[in-house]
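# Chain and residue survey
The chain contents come next:
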Amino acid sequence: MPGPGIQAKIPCPCRVGKDDPGPGGAAMKLNERSLAFYATCDTPVDNSGFLYKKGGRHAAYHRRWFVLRGNMLFYFEDRASREPVGVIILEGCTVELVEAAEEFAFAVRFAGARARTYVLAAENQAAMEGWVKALSRASFDYLRLVVRELEQQLAAVRAGDCAPPPRRAPALAPKENGCACAVWSAEAASRPRPGPPPPLPPRRRVSEPNGPLHAASFVRLHQQYGQEVRALRSRWLRSRAQP
Amino acid sequence: MRYNEKELQALSRQPAELAAELGMRGPKKGSVLKRRLVKLVVNFLFYFRTDEAEPVGALLLERCRITQEEPSGFSICFMEDPERKYHFECCSEEQCQEWMGALRRASYEFMRRSLIFYRNEIQKMTGKDPLEQFGISEEARFQLGGLKA
């Protein structure tokens, strides 16, 4: 898919997003060309599909082809476009359902005074749920939390514990207690092994609580975000209810 | 490409993985070395004039290569144009190695590969999928098939 089309003229490094022109002074530089290549490279994307994007507070919805890659949400004029129209960087934002004239709408909301909220709408319920789930877990921060959690679990397992530290189980049907370790090992051996493992991330300078305490903080974060989202949503609904 | 500069500026104010004053030279021919405050936040490298609060610019660190440059510096180039290099000068070999290591680990794609690797190792050793407790074990982006060269 990437091809000669990408070799278009090198964009001015000072181009500012039309969404929010700066108040004055030189615009911030960004390696936009590299971003465009990242958007259109041929590795599998994390999610993609058509969404309606609201242009502004009182603007109409535009149908765009959205591609989620890592913590970058790119949007294209259409599916065949070679360069994104724009990108939303998914750090420090919350994703929530909204009540809008448009069905299956949801919002990506950034914190801070005069911060932008992107209102998007999917074409059906399943697509909306898929996008909300994918976007709310897309941040680098979230991924880093999970990786650190697994790193500690692996260290604990290697240190000789037979099982990972006990956790509060989510309210799901109890899973079958996996095959015996021996069977897993045999299976794993017959599968093609992945390439050389990446080096372990370094220990952070600030010492962290280990094991169950760290797990508890992650679960707590989930709960915290959930509460914040619910509080935001009910506040929003109340403000909408006022004439 | 449209992007929200305010959001990027807000990101540049978040806690950094690494921050230091380094010499920096842009990729254009004839660029001169300038002192910049360089700050690594998630998969972005921000660079500031040493006396300013807002960054001069940012580099998204995906699909890039970090190369050592003698005597105690390194360069960043991007896969689509390896000749175009951003040069950085450190004050010591030690600082240079620290930055190179941090930058190589700073991409989302690297994080993803790490996750898949740890998940696979834990699964092999315990017979359990550690992602199940997070409710993300079915996500396509974390499957073993995603590990490519």
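These figures come from a predicted structure and were not determined experimentally.

## So, the overall build of chain B
Broken down by element type, chain B carries 3 helices and 7 strands. Referenced to the eigenvectors of the C-alpha coordinate spread, the extents of chain B come out at roughly 55 × 35 × 30 Å. The 149 residues of chain B split such that 56% are buried. The long-range fraction of contacts in chain B, counting pairs at least 24 apart against all pairs at least 6 apart in sequence, stands at 42%. Total accessible area on chain B is roughly 6,600 Å²; 48% of this is exposed by carbon and sulfur atoms. Averaging the positions of the 24 positive and the 23 negative side-chain charges in chain B gives two centres separated by 4 Å.

## Some thoughts on the overall build of chain A
When helices and strands are counted, chain A shows 5 helices and 8 strands. Taken across its 243 residues, chain A has 37% of its residues classed as buried. Across chain A, contacts joining residues at least 24 apart in sequence account for 47% of those joining residues at least 6 apart. Counting only carbon and sulfur atoms, one obtains 56% of the accessible surface of chain A, whose full area is about 14,300 Å².

## Side note on the confidence of the model for chain A
Residue and element names in this part refer to chain A. Scored by pLDDT, chain A has a mean of 74; 61% of the residues are at 70 or more. Averaged over each element, pLDDT in chain A is lowest for helix α4 (residues 181-190) (37) and highest for strand β4 (residues 72-76) (97). Predicted confidence for residues 168-193 stays below pLDDT 50, and this span has 20 contacts to residues more than four positions away or in other chains. The model gives residues 204-215 a pLDDT under 50, and that stretch makes 18 contacts with residues more than four places away or in other chains.

## Describing a positive patch on the surface
Residues Lys 29 of chain A together with Lys 28, Lys 34 and Arg 84 of chain B make up a contiguous surface patch of positive charge. Residue position: Arg 84 of chain B is located in strand β7 (residues 81-89).

## Focus on the environment of Leu 115 of chain B
Tracing the backbone shows Leu 115 of chain B in helix α3 (residues 108-126). Judged by relative accessible area, which is 0%, Leu 115 of chain B ranks as buried. It is 7.3 Å that separates the C-alpha atoms of Leu 115 of chain B and Phe 142 of chain B, two residues lying 27 residues apart in sequence. Sequence-distant contacts of Leu 115 of chain B, that is, excluding residues within four places in its chain, are made with Leu 143, Val 146, Val 147 and Leu 150 of chain A together with Leu 131 and Phe 142 of chain B.

## So, the domain arrangement of chain B
Taken domain by domain, chain B holds domain 1 (5-106) and domain 2 (111-145). Taking only C-alpha atoms into account, the centre of domain 1 of chain B sits 31 Å from that of domain 2 of chain B.

## Some words on the environment of Ala 39 of chain A
Residues and elements named next belong to chain A. Relative to the elements of secondary structure, Ala 39 occurs in helix α1 (residues 32-40). A sequence separation of 82 residues divides Ala 39 from Ala 121, and the C-alpha atoms of the two residues are 21 Å apart. Setting aside chain neighbours within four positions, we find Ala 39 in contact with Val 67, Arg 69, Phe 74, Phe 76 and Pro 84.

## Focus: the packing of aromatic side chains
Residues and elements named next belong to chain A. In the structure shown here, the tally under the stated rule is 10 aromatic pairs over all chains. Here the aromatic rings of Phe 50 and Trp 65 are separated by 4.9 Å at their centres, their planes lie at 70 degrees, and the arrangement is edge-to-face. Taken as a pair, Phe 50 in strand β2 (residues 47-54) and Trp 65 in strand β3 (residues 61-69) lie far apart in primary sequence, 15 residues in all. On the basis of relative accessible area, Phe 50 is assigned to the partly exposed category, the value being 24%.

## Thoughts on the pairing of β2 of chain A
Residue and element names in this part refer to chain A. Direction of pairing for β2 relative to β3: antiparallel, over a ladder of 8 bridges. Note on β3: the bridge partner recorded for Phe 50 is Trp 65. Bridging between β2 and strand β8 (residues 117-121) involves 2 bridges; their strand directions are antiparallel. Bridging across to β8, Lys 53 finds its partner in Leu 120.

## Remarks on unusual backbone geometry
That bond from Glu 70 of chain B to Pro 71 of chain B is cis: its omega, -5 degrees, falls within 30 degrees of zero. Note on placement: Pro 71 of chain B falls in the loop between β5 (64-69) and β6 (73-78). Within the chain, Phe 104 of chain A stands out as a residue other than glycine whose phi angle is a positive 55 degrees. Summarising the element assignment, Phe 104 of chain A is placed in the loop between β6 (93-97) and β7 (105-110). Backbone geometry places Val 42 of chain B, a non-glycine residue, at a positive phi of 40 degrees. Secondary-structure assignment places Val 42 of chain B in the loop between β2 (34-41) and β3 (44-49).

Definitions and limits used
- Residues numbered from 1 in each chain as written.
- Chains lettered and ligands numbered in written order.
- Predicted model: local features only at pLDDT ≥ 70, side-chain atom pairs only at ≥ 80, totals over all residues.
- Heavy atoms only, no water.
- Helix = DSSP H or I, 4+ residues; strand = E, 2+ residues; numbered from the N terminus.
- Buried < 20%, exposed > 50% of the residue type's maximum accessible area, 1.4 Å probe, protein only.
- Contact = heavy atoms within 4.5 Å.
- Areas by Shrake-Rupley, 256 points an atom, 1.4 Å probe, with all protein chains shown as cover.
- Lys, Arg positive; Asp, Glu negative; His and termini not counted.
- Charge placed at Lys NZ, Arg CZ, Asp CG, Glu CD.
- pLDDT = per-residue confidence, 0-100.
- Patch = residues over 30% accessible without salt bridge, like charges linked within 9 Å, V, L, I, M, F, W, Y side chains within 5 Å.
- Salt bridge = Lys/Arg side-chain N within 4 Å of Asp/Glu carboxyl O.
- Domains from an automatic or database assignment.
- Phe/Tyr/Trp six-rings, centres within 6.5 Å; stacked < 30°, edge-to-face > 60°.
- Pairing = 2+ DSSP bridges.

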